[in-house]
Amino acid sequence: MGRKSTNPHKSIYQITRERLNLTREKASELMPGISPDRIEKIENGKVNILPGDILEMSKCYKDPSLCNYYCTHECEIGKVNVQEIKQKELVQIAVETLTSLNKMSRMKDRLLEIAEDGEITPDEYDDFRDIKETLDKMALSVNTLQLWIDKKEAEGEIDDDIFD
């Protein structure tokens, strides 16, 4: 049995593993191909994490948010192109999604006016920026809902067969 870590600066990977009361050895048994030594190096930032490591960890730890964390904090492409998703409750996700949809519904005619000639002119910049920000919020809401669903499926609270 491994000893309990007293490191005050634990990585999200270690915190997630320990939340499940898994030792590195037990986690390694659940993740073929990832040794306890590799888990230790990942948790302490001593090795470059591979996407496959994160997929295995997120599956083993039943925490799909590890994938988003990796993309937004570890991956150079993801840092630029992926929005960080904060875990939220379904009610908050629904309210944010509907708020964005309602706002976009009011903006759709303006988007058509801007897009009609195939270019964005200086007098359209402010409106177009507002439309883009609303679409970004909508996309984030959709991704947050997807993460919520994935988490509930991983935890066995939602039957993943309902989405097939």
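Provided above is the structure to which this section pertains.
Now for a look at the structure at hand. (Residues numbered from 1 in each chain as written. Predicted model: local features only at pLDDT ≥ 70, side-chain atom pairs only at ≥ 80, totals over all residues. Heavy atoms only, no water.)

### Structural notes on the overall build of the chain
Short version of the rule: For the purposes of this entry, the term helix denotes a DSSP run of H or I that reaches at least four residues, the term strand denotes a run of E that reaches at least two, and both are numbered from the N terminus. For the radius of gyration, the atom set is restricted to C-alpha positions; the globular benchmark scales as 2.2 Å times the number of residues to the power 0.38. Buried means the residue's accessible area, taken with a 1.4 Å probe over protein chains only, is under 20% of the maximum for its type, while exposed means over 50%, and partly exposed covers the values in between.
Looking only at helices and strands, the chain has eight helices and zero strands in total. The order of helices and strands in the chain, counted from the N terminus, is α-α-α-α-α-α-α-α. A compact globule built from 164 residues would reach a C-alpha radius of gyration of about 15 Å, whereas the chain, at 21 Å, exceeds it by more than 25%. Dimensions of the chain along its principal axes, counting C-alpha atoms only, are 65 × 35 × 30 Å. Within the chain, the fraction of its 164 residues that count as buried is 32%.

### Some words on the nonpolar core
To be explicit about the condition: The definition of a nonpolar core used throughout is a set of buried Ala, Val, Leu, Ile, Met, Phe, Trp, Tyr and Cys residues joined through side-chain atoms within 4.5 Å. By definition in these notes, contact holds between two residues if any of their heavy atoms fall within 4.5 Å.
Among the nonpolar cores identified, the biggest contains 14 residues, and Tyr13, Met31, Ile54, Met57 and Tyr61 are the most heavily contacted of them. Those elements giving two or more residues to this core turn out to be helix 3 (36-43), helix 4 (51-60) and helix 5 (65-73). In this structure Met31 touches Ile39, Glu56, Met57, Cys60 and Tyr61, once residues within four positions along its chain are discounted. Listed in part, the five residues of the second largest apolar core include Met104, Met107, Ile114 and Met138.

### Some remarks on the packing of aromatic side chains
Put simply, the rule reads: Pairing of aromatic rings covers Phe, Tyr and the six-membered ring of Trp, with a centre-to-centre limit of 6.5 Å; geometry is then stacked below 30 degrees between planes, edge-to-face above 60, and tilted otherwise.
For the coordinates displayed, the defined rule picks out one aromatic pair. Each ring, one from Tyr13 and one from Tyr69, has its centre 5.9 Å from the other, and the planes form 85°; the classification is edge-to-face. Residue Tyr13 is found in helix 1 (residues 12-19), and its partner Tyr69 is found in helix 5; the two are separated by 56 residues along the sequence. Overall, Tyr13 belongs to the buried group, its relative accessible area being 2%.

### What to know about the environment of Ser100
For Ser100, the location among the structural elements is in helix 7 (residues 90-115). What makes Ser100 buried here is its relative accessible area of 7%. On a C-alpha basis, the gap between Ser100 and Asp126 in space is 18 Å, while along the polypeptide they are 26 residues apart.

### Remarks on helix 3
Buried within helix 3 are the following residues: Arg38, Ile39, Glu40, Ile42 and Glu43. Those residues of helix 3 hidden inside the fold are in contact with helix 1, helix 2 (24-30) and helix 4. The first or second residue beyond helix 3 is Gly45, which carries a positive phi of 65°.

### Side note on the layout of surface pockets
Rule in force here: Of the grid points, spaced at 1 Å and generated over the protein atoms alone, those admitting a 1.4 Å probe that cannot get out make up cavities, while open sets with protein on both sides within 12 Å along at least five of seven lines make up pockets; any residue with an atom within 4 Å of a point is treated as lining. Grid points are joined across faces, edges and corners, and a volume is the space filled by probe spheres set on the points.
If you add up the space inside the second largest pocket, you get close to 150 Å³. Pro64, Cys67, Asn68, Cys71, Val82, Ile85, Asn143, Gln146, Leu147 and Asp150 together form the lining of the second largest pocket. Within the residue set of the lining of the second largest pocket, elements represented by two or more residues are helix 5 and helix 8 (125-154).

### Side note on the pattern of salt bridges
Here is the rule: We count a salt bridge whenever a side-chain nitrogen from Lys or Arg sits within 4 Å of a carboxyl oxygen from Asp or Glu.
Within this structure, the stated rule accounts for 19 salt bridges. The partner of Arg129 in a salt bridge is Asp126, and the shortest N-O contact between them spans 2.8 Å. Here the residue Arg129 and the residue Asp126 both occupy positions in helix 8, the gap between them amounting to three residues, near one helical turn. The network of salt bridges with common partners includes Lys10, Arg17, Glu18, Arg24 and Glu43.

### Details of the packing of helix 1 against helix 3
The test is simple: Between N-to-C directions, angles span 0 to 180 degrees; the directions come from axes that are lines fitted to C-alpha atoms, helices contributing only their stretch in contact. Put simply, angles under 35 degrees are roughly parallel, angles over 145 are roughly antiparallel, angles from 65 to 115 are roughly perpendicular, and the rest are oblique. Only Asp, Glu, Lys and Arg are considered charged, only Ala, Val, Leu, Ile, Met, Phe, Trp, Tyr, Cys and Pro nonpolar, and every remaining residue, Gly among them, polar.
With their axes 7 Å apart at the nearest point, helix 1 and helix 3 run at an angle of 125° to one another. Judged on the interaxial angle alone, helix 3 and helix 1 are oblique. Between helix 1, through Tyr13, Gln14 and Arg17, and helix 3, the contact on the second element is made entirely by Ile39, Ile42 and Glu43. In terms of residue class, the contact of helix 1 with helix 3 is made up of three nonpolar, one polar and two charged.

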